[in-house]
Amino acid sequence: VRHYLQACLRDPDAVDEVYQEFALRLVRGDFRSADPQRGRFRSYVKSVVYRLMIDHYRGRTRWQKQVSLQHDPEASMIDNDESDVAFNQSWRQVTLAQAWESLAKVEKDGGPPYHTAMQLRVEHPDWASTELAQHLGQRLGRSLNSGAARVMVHRARERFADAVITTVAQSLQQISFDAIEEELLELNLMTYCRSALQRYRESPEPSED
């Protein structure tokens, strides 16, 4: 939300004011009536913040005295395509962050060390498998060969992709392969999830039993 406001308003004071108003309404529970039948959660959040920006400028009549109509901040905000890009990028970053947190929680709760394995691979993409196995083994406190390290990183990537898909699905009105795929493409996340989405598409439908 803050990144979106920065792209739209380009005024630190205005960003702070609108962001604080959004946070206040969120904590106060003003958005509890959000209806998933009316569209995606991402679109709902964007429309709420956009409305707050409009209300903010309408409430500051001094803007009309300080700037000409050619530089009306509300008008430039409406036409600012960059703000849409910023909103999607911010949403993308949050989605990836939640996927990372999901891996970290599983590992913290005693599950496979996929977070550690994937983080090490991301930090050192040029390492050979033997070097990765050596450092990963040091972090985990046990000996690993290169094959085991590769398998662990592969499974970590699969779990990460699953977590991304789960996060995206939770924000959709109707959860379907097509809807998830469209959202992944729109948020530029398909690179992480193409194989995982294909697995889901090919998996058998769950039994009603």
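Note that this is a predicted model, so its numbers are computed, not measured.

The next subject is helix 8 (residues 129–140). Between its terminal C-alpha atoms helix 8 stretches 16 Å, which fits the 16 Å expected from 12 residues at 1.5 Å a residue. By the burial criterion, the buried members of helix 8 are Ser129, Leu132, Ala133, Leu136 and Gly137. Seen from one end, helix 8 has its buried residues packed into an arc of 130 degrees, which puts them on one side. The outward face of helix 8, more than 90 degrees from its buried face, is lined by the exposed residues Thr130 and Gln138. Packed against the buried residues of helix 8 are helix 7 (114–123) and helix 9 (146–170).

The next thing to look at is unusual backbone geometry. Positive phi, close to 60 degrees, is recorded for Asn188, a residue that is not glycine. Here Asn188 lies in the loop between helix 10 (177–186) and helix 11 (190–202).

Bringing the packing of helix 2 (residues 12–28) against helix 3 (residues 41–58) into the picture now. Look at helix 2 against helix 3: their axes get within 10 Å of each other, and the N-to-C directions meet at 125 degrees. Taken together, the axis directions place helix 2 and helix 3 in an arrangement best described as oblique. The handedness of the crossing between helix 2 and helix 3 comes out as right-handed. Side by side, helix 2 and helix 3 meet where Ala14, Glu17, Val18, Glu21, Phe22 and Arg25 of the first sit next to Val45, Val48, Val49, Leu52, Met53 and His56 of the second. Split into classes, the residues belonging to the contact of helix 2 with helix 3 amount to 8 nonpolar, 1 polar and 3 charged.

This paragraph deals with the side chain of His56. Inspection of the secondary structure assignment puts His56 in helix 3. You can call His56 buried: its relative accessible area is 12%. Setting aside residues up to four positions removed in sequence, His56 forms contacts with Ala14, Glu17 and Val18.

Looking at the element boundaries, Glu183 is found in helix 10. A distance of 2.8 Å separates polar atoms of two side chains, one belonging to Glu183 and the other to Arg42. Among residues more than four places away in sequence, those in contact with Glu183 are Arg40, Arg42, Val168, Ser171 and Leu172.

Let us look at the environment of Trp127. Its place among the elements puts Trp127 in the loop between helix 7 and helix 8. The class for Trp127 is buried, based on a relative accessible area of 17%. If near-sequence neighbours (up to four positions away) are discounted, Trp127 is found in contact with Leu120, Arg121, Leu132 and His135. Within the local environment of Trp127, its side chain forms a polar contact with the side chain of Glu131, the two groups lying 3.3 Å apart.

Rules of the game
Residues numbered from 1 in each chain as written. Predicted model: local features only at pLDDT ≥ 70, side-chain atom pairs only at ≥ 80, totals over all residues. Heavy atoms only, no water. Helix = DSSP H or I, 4+ residues; strand = E, 2+ residues; numbered from the N terminus. Expected span 1.5 Å × (residues − 1). Buried < 20%, exposed > 50% of the residue type's maximum accessible area, 1.4 Å probe, protein only. Arc of directions from axis to C-beta. Contact = heavy atoms within 4.5 Å. Axes fitted to C-alpha atoms, helices over the stretch in contact; angles between N-to-C directions. Parallel < 35°, antiparallel > 145°, perpendicular 65-115°, else oblique. Left-handed = near helix turned anticlockwise from the far one by under 90°. Nonpolar A, V, L, I, M, F, W, Y, C, P; charged D, E, K, R; others polar. Polar contact = N/O pair within 3.5 Å; in protein donor to acceptor, adjacent residues only side chain to side chain.

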